[in-house]
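Remarks on the overall topology
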Amino acid sequence: MADTDDPRRGYHDIGGKDYGAIDPEVTEMKPWERQSTAISNALGAAGRHLYVTDESRRAREQMGEPLYSDLDYYERSTESMKMILVEKGLFTEEELETRMAEIAQRMAEARK
Amino acid sequence: MAEERGTHDHDHDHDHNHDLTFQPNIEDTEAGRYELMTYAIRELLMEKGHLTPDELRAAQEKVESLQKSDGAKVIAKAWSDADFKQRLLDDGNAALLEVGVDAGAAKMTVVENTDDVQNVVVCTLCSCYPRAVLGMPPDWYRSKSYRSRVVIEPRQVLSEFGTDVPDDMTVRVHDSLADLRYLVIPRRPEGTDGWSEDQLAAIVTRDTMVGVANPTA
């Protein structure tokens, strides 16, 4: 979890490091990224509080360095949301994986 | 410069319903793990009664409605109305509400570029961003390169954005948090006396409100 140079530093805490050149290209948000953001916002909406900002922060800091580094921004937010919703018992990992496989199948059918 | 390089390579009519389907006719490539996960989460939440289609649609329209042009209008008003600018600097959330922008629960701190100070915004821990006024953060703002480097070598990073800051000008880098966001009021360029708010808003780009660029007349 911790930084190799400074064990007090979490892997998400990258201020002051050097990750190289900044790519200035700006890409359009993909539909699924927008949808993931919308689901997350809807769950966090006032009165619902099924998924709030602090939980999303905690999940990012808990998912582990390999996953954190591997995923891009919207993948991380989706992973974080999934972690918290599973933790709260809204659905299980197994249910989710099964449903993902079903959807992949449906999408493959639709592409034919 | 990083402003406005959309790579929207397909035409569609922004019918909101398109995100509720899998649109295989548009996205011909196989869905990735997190795309599938998003659709699966949506289905399970709806089946179990945790989310209704109306709630999702409303949230989706809200995400789509967040525009950096809202920020530009706020800046143009601040340039034109010194009292409003002062209220923005004193209490960003309250002043934004005056112009119909609900910045949400996070504190919105507004900082002003002057002849002596250039402010720059980052979120080193994540990518916290004043979405209510600027929309979703651009790729570079979310990149590890920007997040890691702008706090330690801001002048170098700004120069990579084409913004050269004189040696005698102070650069202040503001590191955002989940509960604290920043918006920069850029320096109003010379040659804009007498301009209308619409004219002014047109020269206020996203990058100038993050502080990595400065507007020009």
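I will try to describe carefully the structure that is included in this document. None of the values given here were measured: they were computed from a predicted structure.

**Re the overall build of chain B**
When you go through chain B residue by residue, the secondary structure sums to 11 helices and 4 strands. Put simply, chain B has 217 residues, and 52% of those count as buried. Sequence-distant contacts, at least 24 apart, represent 65% of the contacts inside chain B between residues at least 6 apart. Here chain B has roughly 9900 Å² of accessible surface; of this, 46% comes from carbon and sulfur atoms.

**Description of the interface of chain A and chain B**
Across the contact, 61 residues belong to chain A and 66 residues belong to chain B. Taken over both partners, the interface formed by chain A and chain B buries close to 5800 Å², and the fraction arising from carbon and sulfur atoms is 62%. Considering only the side of chain A, the residues that lose the most area to chain B are Ile22(A), Gln35(A) and Tyr73(A), jointly responsible for 12% of the buried surface there. With a closest N to O distance of 2.8 Å, Lys48(B) and Glu95(A) form a salt bridge. Across the contact surface, chain A and chain B share 20 residue pairs in polar contact (both at pLDDT 80 or more). Taken together, the elements giving at least two residues each to the side of chain A that touches chain B come down to helix 1 (31-44), helix 2 (53-62), helix 3 (65-70), helix 4 (73-87) and helix 5 (93-111) of chain A.

What counts and what doesn't
- Residues numbered from 1 in each chain as written.
- Chains lettered and ligands numbered in written order.
- Predicted model: local features only at pLDDT ≥ 70, side-chain atom pairs only at ≥ 80, totals over all residues.
- Heavy atoms only, no water.
- Helix = DSSP H or I, 4+ residues; strand = E, 2+ residues; numbered from the N terminus.
- Buried < 20%, exposed > 50% of the residue type's maximum accessible area, 1.4 Å probe, protein only.
- Contact = heavy atoms within 4.5 Å.
- Areas by Shrake-Rupley, 256 points an atom, 1.4 Å probe, with all protein chains shown as cover.
- Buried area = accessible area lost by both parts, 1.4 Å probe.
- Salt bridge = Lys/Arg side-chain N within 4 Å of Asp/Glu carboxyl O.
- Polar contact = N/O pair within 3.5 Å; in protein donor to acceptor, adjacent residues only side chain to side chain.

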